[in-house]
Amino acid sequence: MKVKELTSYLEEICPLNYQESYDNCGLITGDKEKNITGVLLCLDSTEEVLKEAVNLKYNVVIAHHPILFSPIKKLTGKTYSERAIIYAIKNDLCIYAMHTNLDNIRIGVNNKIAEKIGLKNLSILSPKNGLLRKLVTFSPVKDSGKVREALFAAGAGKIGGYDECSFNAEGTGTFKAGENTNPHVGKKHEQHHEKEERIETIYPKHLENKVIEALLKTHPYEEVAYDIYPLEVPHKNVGSGMVGELEKPLKEKVFLSLLKKTMKLSGIRYTPLKTKSIKKVAVCGGSGSFLLPDAIAGGADVFVTADFKYHQFFDAEDKIMIADIGHYESEQFTPEILNAFIKEKFTTFATRISKTSTNPVNYF
């Protein structure tokens, strides 16, 4: 199987346009036309991880963090990222990154943290806007069913847990076919009145080409009338962080003990205890301090994330407990997610979670 077949599948689950503007997800090195010999899954595609892949005779490395976040002007091996890129090129390795696009999907990094802690009734903490489009088109009534079904098959019509959602209303369309036309109904040079159905449905914007292609292929008219509207509404299944509830309230120290055990932590940095129960929990893998206002507004008792600076702990304002568990620690189970995605679809090549620890932070 070729690399592009795997990456296309992964991008169906984690579309690249779900990543943040600063990010660099996708294929970073390598030829997408190459056949896969094996896939190594990791958090960071460091040179040590790449050597592990070569020793296994695997030619694909899928990492959470991109080894390149910004453009580079020289490749001299001066930095760890440059050395990794040089090594990958020399050894014909494909490096693929799934970072904030994996953070932002409902079944991604934050869902895994929630699963480890045992949270229920999950929802996105800060849903993203601007990811949806509305399509409006007009079809002869007798053809509207097949047009709708084609749009649904292309990925349109999904709202939360519901599929095949649309609004439909009948009316009359008019047109006059010109000399160089082949009208589906009506006659040339005569104004025609046709009973038509207005079809409205929404779709994620990364599927736009697929949806429009399905419309044009299925619609019986030579000239298909349709409108596209950008929607500035939150996407309930895509966004930053996650919030959920424990099965039963726990005292603060009991919760911290649970967190330390389930997340395999060496330590936790946290704000002062207030002798209150913990029930509602907000989580964000990696650097999540920007979501503190959302966690407070969402009524969370504790916010589990990483990379809080000293002065940011004061921003809790006694309204919430901050539990900083470390960046690596919050994302350490990410390769498990990637492995599950791949195993669900493919069994034709080997996958393995890297045994190399890339955590640059040690505790004494």
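This text goes with the structure placed above it.
By convention here, each chain's residues receive numbers from 1 onward along its written sequence. Only residues with pLDDT of at least 70 are given local features in this predicted model, and only at 80 or more are side-chain atom pairs given and counted; all residues enter the totals for whole chains, interfaces and linings. Calculated side-chain values reflect all of the structure's heavy atoms, with hydrogen atoms and water omitted.

Within the protein one finds 11 helices and 15 strands. Seen along its three principal axes, the alpha-carbon backbone of the protein occupies a region of about 85 × 55 × 40 Å. The burial tally for the protein puts 48% of its 364 residues in the buried class. Of all intrachain contacts in the protein linking residues separated by at least 6 positions in sequence, the fraction that spans at least 24 positions is 72%. Computed with the Shrake-Rupley method and a 1.4 Å probe, the accessible areas treat only the protein chains shown as cover for residues. Total accessible area on the protein is roughly 19,000 Å²; 50% of this is exposed by carbon and sulfur atoms. Both charge centroids of the protein, one from 48 positive and one from 46 negative side chains, sit 5 Å from each other. Secondary structure follows DSSP: runs of H or I at least 4 residues long count as helices, runs of E at least 2 residues long count as strands, and numbering of each begins at the N terminus. Each residue is placed in one exposure class: buried if its accessible area under a 1.4 Å probe, protein chains only, is under 20% of its type's maximum, exposed if it is over 50%, and partly exposed if it falls in between. Whether two residues touch is decided by their heavy atoms; if any such pair falls within 4.5 Å, the residues are in contact. The positive count covers Lys and Arg only, the negative count covers Asp and Glu only, and His and the chain ends enter neither. The atoms used to mark charge sites are NZ of Lys, CZ of Arg, CG of Asp and CD of Glu.

Pairs of strands are assigned from DSSP output, requiring at least two bridges between the strands. Ordered in space as β7-β8-β6-β9, the four strands form an open sheet in which the pairing is antiparallel. In this open sheet, the two strands that pair with only one neighbour each are β7 (167-176) and β9 (226-231). Each strand of the sheet is rotated relative to its neighbour by a mean of 30°, with strand direction disregarded. Across nine bridges, strand β6 (residues 132-140) lies against strand β8 (residues 191-204) in antiparallel orientation. By the bridge assignment for β8, Pro140 is matched with Glu196. Along the sheet face, helix α6 (residues 144-153) touches β6, β7 and β8 and points at about 20° away from the line of β8. Fitted lines through C-alpha atoms serve as axes, helices being fitted only where they are in contact, and the angles separating the N-to-C directions of these axes extend from 0 to 180 degrees.

Another point: the sheet that holds strand β4 (residues 94-97). The strand order across the open sheet formed by five strands is β1-β4-β3-β2-β15, and the pairing between neighbours is mixed. Edge positions in the sheet fall to β1 (26-29) and β15 (351-353), since each has one partner strand and no second. Ignoring which end each strand starts from, the neighbouring axes of this sheet average 30° apart. Each of β2 (39-44), β3 (60-65), β4 and β15 is contacted by helix α2 (residues 47-56), which is oriented at about 170° to β2, the strand it contacts most.

Below, the discussion takes up the pairing of β4. Side chains of β4 alternate between two faces, with Cys94 and Tyr96 and Ile95 and Ala97 buried alike. When β3 meets β4, the two strands line up parallel, connected through four bridges. Considered in β4, the bridge of Val60 is made with Cys94. By convention, a crossover is right-handed whenever its connection, traced from the first strand over the helix to the second and viewed with the strands pointing away, goes clockwise. Tracing the backbone out of β3, into helix α3 (residues 80-90) and back to the parallel element β4 gives a crossover that is right-handed.

Three or more residues of α3 are buried, namely Ser81, Glu82, Ala84, Ile85, Tyr87 and Ala88. Turning to α3, the residues buried within the fold contact β1, α2 and β4. Backbone geometry just downstream of α3 places Asp92 in the positive-phi region, at approximately 60°.

Take a side-chain nitrogen of Lys or Arg and a carboxyl oxygen of Asp or Glu: if they are within 4 Å of each other, that pair is a salt bridge. This model, assessed by the stated rule, comprises 16 salt bridges. Lys4 is the partner of Glu33 in a salt bridge, and the nearest nitrogen-oxygen pair spans 3.1 Å. Linking Glu33 in the loop between β1 and β2 with Lys4 in helix α1 (residues 3-13), this pair joins segments that are 29 residues apart in sequence. Across the pair Lys142 and Asp143 runs a salt bridge whose closest N-O atoms are separated by 3.3 Å. Look at Lys142 and you get exposed, because its relative accessible area is 59%. With relative accessibility at 7%, the residue Asp143 sits in the buried group.

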